[in-house]
Amino acid sequence: MAHAVSSCMSGIRTAGDLVLRMQLAKSMKIDAAKQYVADKLGVKPIDLSDSDLMAEIRAKHGFGRSFDLNKSPKGIEAKFNIARKLGIKINSVELFMARAGLNKGGA
Amino acid sequence: MSEFFTRMGDGAGVYMTAEEIREDILKGVKDAADRGKVPELTQEEMDYLYQIITMPGNIVGVERGREVVSTSDSGSCKITYHANIAMERSMAVLVSEKVLGADSVDIGNMDYSYKAVKQIVHNETPVMELAQLNAVMPVLYGSMPNLGLYTKPDGPVENWSELLPLAKISEARAAQEEAVEHAVRDIVFVAGEMYEAGADGINLDTCGASGDADFLAGLLATEKIKEKYPDLGVEFGAAGEFVLGMHGKLEYDGTKIAGLYPHKQVKLAEKAGANIFGAVVNTNTNMSFPWNIARTVTFLKACTAVATIPVHVNVGMGVGGIPMSEIPPIDVVTRADKALIEIGKADGL
C-alpha cells in the first residue's frame, strides 16, 4: 500500500494497468509505455495518473473501474475493450473467444 | 546541532546529524561503485538524496507524473497465506485490484516453487481462470526456480551443499547441472499450463537463490517459454545483488554467471527474452538507511542505464534500501521509493 500511495499509478484507479500491460507485452520502459497509452487515449502522459480524469476516460471506453458503474463492462468484458483500444493481444481475451466459439466463421 | 529521524537497516529508529547522513550517503555510494565497478552518483544526486532522506513529513511521494507501475512476488498470497485471511486467491486478486490499487498482481502457491506447483497445477489453473474472468489488470503466475528442492532426499539429485564441504567439487557441479535440467522442465511445464489458463505473464521470482545454477535455470526457462509462448510476458526477478558461485563455471551466452551485479544480470535477462527485470540490492541491517539507500540507488542507476527492458526494483523487506523488518516502516519505504524512481530511474517497483 505504501508503494501504491507514494510512487505508483494505482492500477485501474488511473491507467496503471494499461501501462503495465505495455511493459509486459512489449518490454517498454516506463516513459515509452506511458507515451504509448497516452497517445492511444488522446491525453498527455501526466494525465494517466489523474484518477479523476481517468475515471471519465475509463467509463467512456469501457475499461472497468474500481467502483463499477451499473451496466458497464467488468472483468473480461473490459479487457476486450482494452485490447482493442491499445492494439494488443490479451491472452485471456483470446482464450475467451476461442472457448466461446467467437472466432469461428468470422463471428 | 539538529538531528534527523531515520532508521537502521533492521528498521530501528535512529537520530543522525546532517553530517552523519551525508557521510553515510557517500560511503554507501562508494561501496556500490567499488563492488560493482559502476559509476558513483554525482554530487547533485547525492545532495538530492540527502533532501529526500531529511524531508519533513512522515511519508513522501514522487513528483507528479513520475509515478511508476508495480508487479509483485506472491502478491495475492499476502492476503491469503501471509495475513491468514480466509479468502480464495482469485478474490484476493480483486481486492488487490479494486481496494489496494495494484497495477498487477501474481498468483502463487503457498510453497511458491515450480517444483511443488508442477504436481498440483491442475488445481492452480482454475484459480487463474477465475481471476482472468473477473480482473481487469494483468495477472501473472509466480514461483521460484528454487533449485535446492531438487536435492535428495526430497529431490532426485545429490545435495551440492553436502558435497562441497567434502571437496567433491566435480560431483557438486554435476548435481547442480542436473538440477537445472529438472527445474527448466518444471518451469516451462507450469508456464504452459498457466498460458492455457489465460495468464498475462509468468514471474520467475528469486532467480539465483541457490546460486549461479539457479540463475541459469531461470534464464534457460525464460528462453524456452518465449520460444513456445511468445505472447506470454516473463518477469525475471533476481535473488540478490550478486550471483553466488555455488557452481562457479556456468555461463550463459558466453558470460560467466557467478559474480554478476544487477547491471550485468539484466543484460542476460534481456538476451533470454525477459520482458521485465526485477533488480535486487540487499539491505545491510548493521548500516543506516542513508547508507543502504545510497548504495541501492548507485547499483540501480547503473542497471537502468544499460537496460533496454523495464527494470522493477525489488522493495520488499530487506531489499532495495527497505529495512529487514517484518513490517517495513512507511517513512523510509516511501523515501526509498522516491529515491529509486527519481534518481535510480526505476521503471517500476
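The structure displayed is predicted, hence computed values, not measured ones.

Participant: Outline the nonpolar core, supporting the account with residue identities and numerical values.
Facilitator: If you look at the biggest cluster of nonpolar residues, it comprises 129 residues, and the most contacted ones within it are Leu48(A) and Phe277(B). With twelve residues, the top contributor of residues to this core is helix H8 (residues 169-196) of chain B. In contact with Leu48(A), other than residues within four places in its own chain, are Met9(A), Thr14(A), Ala15(A), Val19(A), Lys34(A), Val37(A), Ala38(A), Leu41(A), Val43(A) and Met54(A).

Participant: Got a sec to walk through the interface of chain B and chain A? Specific residues and values, please.
Facilitator: Listed by partner, the interface residues are 56 residues for chain B and 46 residues for chain A. The contact between chain B and chain A buries some 3,700 Å² in all, and 56% of this surface belongs to carbon and sulfur atoms. A per-residue breakdown of the area chain B buries against chain A is headed by Glu67(B), Lys98(B) and Val136(B), which together make up 17% of the total. Note that Asp200(B) and Arg21(A) form a salt bridge whose closest N and O atoms lie 2.9 Å from each other. On inspection of chain B and its partner chain A, the count reaches 29 residue pairs in polar contact (both at pLDDT 80 or more). Going through the elements one at a time, helix H4 (89-98), helix H6 (121-134), H8, strand S6 (233-238) and helix H12 (330-342) of chain B are the ones with two or more residues in the side of chain B that touches chain A. With six residues, H12(B) is the largest single contributor of residues to the side of chain B that touches chain A. Taken together, the residues that form the side of chain B that touches chain A break down as 27 nonpolar, 16 polar and 13 charged.

Participant: Go over the pairing of strand S5 (residues 201-207) of chain B with me, naming the residues and quoting the values.
Facilitator: Strand residues, when the strand is regular, have side chains that alternate between the two faces of the sheet. Residue and element names in this part refer to chain B. Where burial is concerned, most of S5 is hidden: seven out of the seven residues are buried. With four bridges connecting them, strand S4 (residues 139-143) and S5 associate as parallel partners. Note on S5: the bridge partner recorded for Leu140 is Gly201. Looking at chain direction, S5 and S6 are connected through five bridges and run parallel.

Participant: I'd like to hear about the sheet that holds strand S9 (residues 276-279) of chain B, residue by residue, with values.
Facilitator: All names here are of chain B. Spatially, six strands are ordered S3-S4-S5-S6-S9-S10 in an open sheet, and the strand pairing comes out parallel. Only two strands of the sheet have a single neighbouring strand rather than two, namely strand S3 (105-107) and strand S10 (311-313). Across the sheet, the mean angle from the axis of one strand to that of its neighbour is 30 degrees, orientation sign disregarded. In terms of strand pairing, S9 meets S10 through three bridges, oriented parallel. Bridge pairing in S10 links Ala279 to Val313. Across the face of the sheet, helix H11 (residues 289-306) comes into contact with S9 and S10 while running at roughly 165 degrees to S10.

Participant: An account of the packing of helix H1 (residues 18-36) of chain B against H11(B) is requested, with residue identities and associated values reported.
Facilitator: For any two helices packed against each other, the geometry is given by the interaxial angle and the distance between the axes. Residue and element names in this part refer to chain B. At a minimum axis distance of 7 Å, the contact between H1 and H11 shows a crossing angle of 40 degrees. Where H1 crosses over H11, the two elements pack in a sense that is right-handed. Contact with H1, carried on its side by Ile21, Asp24, Ile25, Lys27, Gly28, Val29, Asp31, Ala32, Ala33, Arg35 and Gly36, involves Pro290, Trp291, Ala294, Arg295, Thr298 and Phe299 of H11 and no other residues of that element. Tallied by class, residues from the contact of H1 with H11 come to nine nonpolar, three polar and five charged.

Cut-offs used in this document
- Counting from 1, residues in each chain are numbered in the order their sequence is written.
- Ligands are numbered from 1 and chains lettered from A, in the order in which they are written.
- In keeping with the model being predicted, local features are shown solely for residues with a pLDDT of at least 70 and side-chain atom pairs are shown and tallied solely at 80 or more, while totals for entire chains, interfaces and linings include all residues.
- Water and hydrogen atoms play no part in the side-chain values, which are based on all heavy atoms of the structure.
- Think of a nonpolar core as a cluster: buried Ala, Val, Leu, Ile, Met, Phe, Trp, Tyr and Cys residues, connected wherever their side-chain atoms sit within 4.5 Å.
- Only protein chains enter the accessibility calculation, which uses a 1.4 Å probe. A residue is then buried if its area is under 20% of the maximum for its type, exposed if over 50%, and partly exposed in between.
- Working definition: helices are DSSP H or I runs of at least four residues, strands are E runs of at least two. Numbering for both runs from the N terminus.
- Contacts are assigned to residue pairs that have any heavy atoms within 4.5 Å of one another.
- Throughout, the accessible surface (probe 1.4 Å) given up by two parts as they are put together, summed over both, is called the buried area.
- Salt bridges, as used here, are contacts in which a Lys or Arg side-chain nitrogen is within 4 Å of a carboxyl oxygen on Asp or Glu.
- For this analysis, a polar contact is any N or O atom pair within 3.5 Å, provided that within protein one partner can donate a hydrogen and the other can accept it, and provided that sequence-adjacent residues contribute only side-chain to side-chain pairs.
- For this classification, the nonpolar set comprises Ala, Val, Leu, Ile, Met, Phe, Trp, Tyr, Cys and Pro, the charged set comprises Asp, Glu, Lys and Arg, and every other residue, Gly included, is treated as polar.
- Criterion used throughout: strands pair if DSSP finds at least two bridges between them.
- Between the N-to-C directions of two axes lies an angle of 0 to 180 degrees, each axis being a line fitted to C-alpha atoms and, for a helix, fitted only over the stretch in contact.
- Left-handed describes a crossing in which the near helix is turned anticlockwise from the far one by less than a right angle; the clockwise case is right-handed.

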